[in-house]
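Listed here are the chains, written in short residue letters.
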Amino acid sequence: PRSTLFPYTTLFRSPSAALSAEGVRRRPAKDLWIAPVGESAAPVRLTDGRVRARLPRWSPDSDFLFYVADDELRRLRVTADGPAGDAGTMLRWRGEISGLTPLAGGRLVAVVAGDERTEDDERRRAAGDDAMAWSERAVRQHWLWHRLRLLDLSSGEFTVLAGLAGRHVTSVTQRPDGGPLAVMSWDCPEWEPGIFSSRLHIAGLDGGAVSDRGAASDRGAVSDLGLLGFEARSPAWWRGADGWHVAWLAAPPSGCGTAVLDIAVSADGAAAGEPRDLTAEMTVCPDELVQVADGGPVALFAEGLDTALYRLDPAGSSFRRVTGWTGGAAALSASEDATAIALRASTAYTPRDVSAGSPHGLIRVSDLRPGLRDIALGTQERLSWRAPDGLELDGVLILPPGRGRADGPFPLVTLIHGGPYDRWADELMASWASWGQWLAAAGFAVFCPNPRGSEGHGREFATLVAGAVGQDEWTDILAGLDRLVADGVADPD
């Protein structure tokens, strides 16, 4: 929070990932590094490549970095020069840890964790048996309840928050002044219907005894502020002239696209009014929302084929653009006053590496795919065309390496993104999900269209397919294909 260091995780295929003598493939290591912000110094590796490190979280005073390593919650003291000593194990838990929030005061850590595995689960895990029969019984065994638990670092006691013991918890964040928690939960752990049942709770942390491991705790009261909308995520506290608010990302009441919704919270943790939509009239689309200690939250917005940073203005309860970047960006984090940020960014010819620093002067701090610089990539260009009804559309075209439009026409493959509320950004398309460069290397031209209903052009554009999927957006794609044939890029046969 206060430090000028950002942790990030990277996935490496370590030697231990090879087949063992028993023929069981081991999981790849996932390493934790620390990198300075605003300078080109080399990152420092914090883990040794033998564990799957994830969920790096700073303590509120920035002295410690908490993270999960396989089945352990660890704490590592970190200075500007890197680690100061070895990581200590704070908790061993035979279950998945999906959320981690060190709380103000330094004594408690809020942990979202699944119920512990049974002996049968452990036997199957040791044997590498991850098969699952897709039946109602098997599904219910597979989806484990993730509950909000509190870890007391002094005593080691680990308890379930009683007021939420019957809910599947998905997100937790503490109010910046050290106050209560904003908690999102589902009615059940199944993805469907759970994702349709997200609710917001305000959980106090004052008073109450901490009970034995796994038992319920009566620590603090829990208020239910109601339903949040489809795919609700990323709760963020902020303070306005009328007091504290919680904002979050979810589908708007219209059901199309993603909105930043918001509700005022009274001093007793109850809702002070009805939820508001803070992004209804915007022509860009929110992707990520991040709480900061000082002022309104920051957010990544999809802007056509590019990405921009916006910040909520508490005075006007509206988002204002800070800066933008060419291509795609994700995994935003920010310092407590948002003067320093970190994210993963990609352009047409560079992969998603970590960049950090001032929003107006980010410096790349990781280089995870240096070998790509020796590979001849396909030529990528931005496209714009109009649908038959005049609607402006955009997308990306990739031509084979070393070839231009004058070398056409080419055999052409059209890659249609899912969603329909999704998009192709002008970023490197060489992953398992966006594989245009692989096709280009094989001699194909590749057309990646963003028809109506896609992300990046605001709510009205996204809503154009409501109740009519597979109709006008199909014509949008055909219009783009016709344009490429007319331009001599696509082989009409």
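Just so it is clear, the structure is predicted and the values come from calculations on it, not from any experiment.

Undergrad: Honestly, the pattern of salt bridges in this entry has me stumped. Any pointers?
TA: When charged atoms on two side chains of opposite charge get close, those side chains can pair. For the structure on display, the rule yields 32 salt bridges. Two residues, Arg 452 and Asp 389, come together in a salt bridge whose shortest N-O distance is 2.9 Å. One end of the pair, Arg 452, is in the loop between β33 (445-450) and α5 (458-463); the other, Asp 389, is in the loop between β30 (379-386) and β31 (392-399), and 63 residues separate them in sequence. Residue classification places Arg 452 among the buried positions, given a relative accessible area of 5%. Taking the shortest distance from any N to any O, the salt bridge between Asp 407 and Arg 403 comes out at 3.8 Å. According to the relative accessible area criterion, Asp 407 is partly exposed, its value standing at 38%. Take Arg 403: its relative accessible area is 37%, and that puts it in the partly exposed class.

Undergrad: Where do I start with the pairing of strand β10 (residues 108-114) in this structure?
TA: Every other side chain in a regular strand lies on the same face of the sheet, so the side chains alternate between the two faces. Among the seven residues of β10, seven are classified as buried, and the element is accordingly described as predominantly covered. Burial along β10 is two-sided: Leu 108, Ala 110, Val 112 and Gly 114 and Val 109, Val 111 and Ala 113, pointing in opposite directions, are all buried. In terms of strand pairing, strand β9 (residues 97-102) meets β10 through five bridges, oriented antiparallel. The partner of Pro 102 across the bridge, within β10, is Val 109. Judged from the seven bridges that link them, β10 and strand β11 (residues 146-152) form a sheet pairing that is antiparallel. The partner of Val 112 across the bridge, within β11, is Leu 148.

Undergrad: What exactly am I supposed to notice about the sheet that holds strand β18 (residues 233-240) here?
TA: Strand pairing in a sheet relies on backbone hydrogen bonds, with the paired strands running either antiparallel or parallel. On the basis of which strands lie adjacent, the open sheet formed by four strands has the order β18-β19-β20-β21 and antiparallel pairing. Looking at the sheet topology across the chains shown, the edges are occupied by β18 and β21 (276-277). Two strands pair when backbone bridges link them, and β18 and strand β19 (residues 243-250) are joined in this way by six bridges, in the antiparallel orientation. Bridge pairing in β19 links Gly 240 to Gly 243.

Undergrad: Any chance you could explain helix α6 (residues 472-486) here in plain terms?
TA: Residues lying three or four places apart along an α-helix face the same way, a consequence of the helix completing one turn every 3.6 residues. Relative to the 21 Å expected for 15 residues at 1.5 Å per residue, α6 spans 21 Å between its end C-alpha atoms, a close match to the ideal helical length. Among the residues of α6, those classed as buried are Glu 473, Asp 476, Ile 477, Ala 479, Gly 480 and Leu 484. Considered in projection along α6, the buried side chains sweep an arc of 155° and stay on one side of the axis. More than 90 degrees from the buried face of α6, the exposed residues found are Asp 482 and Ala 486. Tucked inside the fold, the buried residues of α6 contact β30, β31, β32 (412-414) and β33. Gly 488 sits one or two residues past α6 and shows a positive phi near 80°.

Undergrad: Would you mind showing me how to read the sheet that holds strand β23 (residues 298-303) here?
TA: As summarised here, the arrangement of the four strands in space is β22-β23-β24-β25, forming an open sheet in which the pairing is antiparallel. Across the chains shown, the open sheet's two edge strands, defined by having one partner strand only, are β22 (285-290) and β25 (318-325). Taking each pair of neighbouring strands and ignoring which way they run, the sheet shows an average axis angle of 30°. Here strand β24 (residues 306-313) pairs with β25 via seven bridges, running antiparallel. Bridge pairing in β25 links Thr 307 to Trp 325.

Undergrad: Would you mind showing me how to read the confidence of the model for the protein chain here?
TA: Caution applies to low-pLDDT regions: their predicted coordinates should not be interpreted in detail. Here the protein chain averages 88 in pLDDT, and 89% of its residues register 70 or above. Confidence drops under pLDDT 50 across residues 10-25; counting only partners more than four residues distant or on other chains, this segment forms 28 contacts. For residues 207-212, every residue scores under 50 in pLDDT, and the model assigns this stretch 17 contacts once sequence neighbours within four places are set aside.

Procedures and definitions
Residues numbered from 1 in each chain as written. Predicted model: local features only at pLDDT ≥ 70, side-chain atom pairs only at ≥ 80, totals over all residues. Heavy atoms only, no water. Salt bridge = Lys/Arg side-chain N within 4 Å of Asp/Glu carboxyl O. Helix = DSSP H or I, 4+ residues; strand = E, 2+ residues; numbered from the N terminus. Buried < 20%, exposed > 50% of the residue type's maximum accessible area, 1.4 Å probe, protein only. Pairing = 2+ DSSP bridges. Expected span 1.5 Å × (residues − 1). Arc of directions from axis to C-beta. Contact = heavy atoms within 4.5 Å. Axes fitted to C-alpha atoms, helices over the stretch in contact; angles between N-to-C directions. pLDDT = per-residue confidence, 0-100.

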